[in-house]
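Remarks on the overall topology
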Amino acid sequence: MSKGTVVLAYSGGLDTSCILVWLKEQGYDVIAYLANIGQDEDFEAAQKKAESLGAKKVFIEDVRAEFVEEFIWPSVQANAMYEDRYLLGTSVARPCIARRQVQIARQEGAQYVSHGATGKGNDQIRFELTCYALYPEVKIIAPWRIPEFYTRFKGRKDLMEYAEKHGIPVPVTPKAPWSMDANLMHISYESGILENPKSHAPSDLYLMTKNPEDTPNSPDLIELEFRKGVPVKVSHLKDGKSKDTPLEIFTYLNEIGGRHGVGRIDIVENRFIGMKSRGIYETPGGTILYHAHLDIEAFTMDREVRRIKQSLGIRFSELLYNGFWYSPECDFVRHCIDKSQEMVEGKVQMSVFKGQVYILGRESPKSLYNEELVSMDVQGDYDPCDASGFIKINAVRLREHHRLQGDMASKK
């Protein structure tokens with residue numbers, strides 16, 4: 001007798017294929033769900049594989065457009081960046097994937113959801129908090145936290161033996177000696193030979209971006225247009241090509257950034273569960289957008305609003321990284337950030353070349369820049385004497401500070 005139905009977030013790889021069969025062994029009916037989020041995947045082959053392993057149903061869901069519009073764009077508006085460097089490509093994908101998983105679970109009357117995230121990573125939290133937020137009564141089966149599972153499968157060798165025993169097809173070619181996660185926004189690399197933080201990444205590791213040394217010797221000149229902080233059009237200033245739908249814009253920026261080796265980072269970050277990890281990421285289109293949005297935002301946003309918004313962006317990044325996309329606090333922060341973007345409109349021209357993004361110029365009907373006011377050659381409406389008040393206020397503070405420092409030094 002079945003224990004119930006479980007919707008498994010399925011990738012088609014060794015781990016989730018073994019989990020699918022193991023769940024059936026435990027007495028569950030398994031529905032396999034695979035999200036097309038921009039990764040390079042043979043979805044038809046994955047579907048046939050899941051069916052051959054006994055999946056009751058298989059859902060292949062194309063969520064690329066909603067991934068860009070509903071998850072990447074809010075991250076662009078926030079200038080989201082974790083610990084000053086990571087553009088959150090894996091983090092932002094998880095709530096998108098898990099949301100559709102929950103929709104399928106509700107639709108199919110499944111009492112359980114499952115995933116293949118490990119017990120040491122952040123993804124288990126991101127998946128599960130999303131599921132609990134959107135389907136409070138759901139039960140989650142996390143095999144890599146179940147002793148019966150993780151004591152049976154201590155490593156890849158055990159999984160391979162299980163796969164052979166149960167007729168699970170395994171890759172003919174050896175697996176790369178690191179773990180990789182890909183989606184439309186980025187590819188991440190970690191574990192394996194990368195766990196030694198001193199080890200340099202192999203030159204053949206990167207798949208989205210060319211080595212900057214091997215990139216074209218002339219730049220791509222592009223213009224990005226924003227409205228309310230969201231990209232609405234990208235145009236190539238040399239060949240006239242343009243894209244104006246969210247998915248096309250992001251895909252085109254990935255193409256340009258990848259061609260020029262933009263968006264590679266190698267970092268040690270703090271996982272939410274309390275350990276440091278080394279990660280290598282390539283985020284070509286996201287890096288271009290980050291620089292362009294920062295620029296048009298500075299051009300059009302009030303100084304004090306921007307100061308508050310910067311702190312909200314940091315908070316949003318931490319909530320996103322830690323799996324709290326569907327929390328009330330993250331919802332509140334997103335609304336505040338969205339409000340701050342009402343005047344962020346205009347165009348940014350840039351050069352993409354040899355691993356770098358260079359801002360060339362910008363224009364906006366909502367600009368707060370006054371060329372006449374700032375000019376060194378035109379007086380305009382500004383009275384230079386107005387600066388004396390600022391100087392006096394700060395001069396008192398600085399004089400007093402240094403006087404106290406001098407008194408302390410003389411007493412030593």
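It should be emphasised that the depicted structure is a prediction, and the values quoted were computed from it without experimental measurement.

What counts, and where the lines are drawn
Residues numbered from 1 in each chain as written. Predicted model: local features only at pLDDT ≥ 70, side-chain atom pairs only at ≥ 80, totals over all residues. Heavy atoms only, no water. Helix = DSSP H or I, 4+ residues; strand = E, 2+ residues; numbered from the N terminus. Buried < 20%, exposed > 50% of the residue type's maximum accessible area, 1.4 Å probe, protein only. Contact = heavy atoms within 4.5 Å. Areas by Shrake-Rupley, 256 points an atom, 1.4 Å probe, with all protein chains shown as cover. Lys, Arg positive; Asp, Glu negative; His and termini not counted. Charge placed at Lys NZ, Arg CZ, Asp CG, Glu CD. Pairing = 2+ DSSP bridges. Axes fitted to C-alpha atoms, helices over the stretch in contact; angles between N-to-C directions. Parallel < 35°, antiparallel > 145°, perpendicular 65-115°, else oblique. Nonpolar A, V, L, I, M, F, W, Y, C, P; charged D, E, K, R; others polar. Core = buried A, V, L, I, M, F, W, Y, C linked by side-chain atoms within 4.5 Å.

Turning next to the overall build of the protein chain. A tally of regular secondary structure across the protein chain gives 13 helices and 14 strands. By its C-alpha atoms, the protein chain is 85 × 65 × 45 Å across when sized along the principal axes. Per-residue burial for the protein chain yields a buried fraction of 46% across its 412 residues. Long-range pairs, those at least 24 residues apart, make up 70% of the contacts in the protein chain with a sequence separation of at least 6. Within the structure as shown, the protein chain displays about 21100 Å² of accessible surface, and the carbon and sulfur contribution to it stands at 53%. Taken as two groups, the 52 positive and 58 negative side-chain charges of the protein chain have centres that lie 5 Å from each other.

Moving on: the sheet that holds strand β6 (residues 179–182). A sheet is described by the order of its strands in space; here four strands give the open sequence β6-β7-β12-β11, paired in antiparallel fashion. Only two strands of the sheet have a single neighbouring strand rather than two, namely β6 and β11 (264–270). When strand polarity is set aside, the average angle formed by the axes of neighbouring strands in this sheet is 25 degrees. Here β11 runs beside strand β12 (residues 276–282); their pairing, made up of seven bridges, is antiparallel. Within the sheet, the bridge partner assigned to Glu269 lies in β12 and is Ser277.

Looking now at unusual backbone geometry. One non-glycine residue with positive phi stands out, namely Asn79, at about 55 degrees. For Asn79, the location among the structural elements is in the loop between α3 (64–78) and α4 (89–108). Given a relative accessible area of 12%, Asn79 falls into the buried group. The phi torsion at Lys354 lies on the positive side, around 50 degrees, for a residue other than glycine. When you line up the elements, Lys354 lands in the loop between β13 (346–353) and β14 (356–363).

Right, let's get into the packing of α3 against helix α9 (residues 284–300). Following both chains from N to C, one finds α3 and α9 inclined at 50 degrees, their axes separated by 9 Å at the closest point. Here α3 is positioned oblique relative to α9, judged by the angle of their axes. Every residue of α9 that contacts α3 at Trp73, Val76 and Gln77 is listed here: Leu289, His293 and Glu297. Within the contact of α3 with α9, the residues separate by chemical class into three nonpolar, two polar and one charged.

Counting 71 residues, the largest nonpolar core has Phe67, Trp73, Leu224, Ile288 and Phe316 as its most contacted members. Residue contributions to this core peak at eight residues, all from α4. Not counting chain neighbours up to four residues away, the residues in contact with Leu224 comprise Pro231, Lys233, Val234, Ile249, Leu253, Ile288, Leu289, Ala292, Gly346, Lys347, Val348 and Met350. Residues Val6, Val21, Trp22 and Val58 belong to the second largest nonpolar core, which totals 26 residues.

Let us look at the sheet that holds β13. Pairing within the open sheet is antiparallel, and its five strands lie in the order β10-β9-β8-β13-β14. Lying at the two open borders of the sheet, with one neighbouring strand each, are β10 (242–243) and β14. Two strands pair when backbone bridges link them, and strand β8 (residues 220–227) and strand β9 (residues 230–236) are joined in this way by six bridges, in the antiparallel orientation. Among the inter-strand pairings, Glu223 is bridged to a residue of β9, identified as Ser235. Taken strand by strand, helix α8 (residues 246–259) contacts β8, β9, β10 and β13, and its axis lies near 50 degrees from that of β9. In this fold α9 packs onto β8, β9, β13 and β14, with an angle of close to 30 degrees to the strand it touches most, β14.

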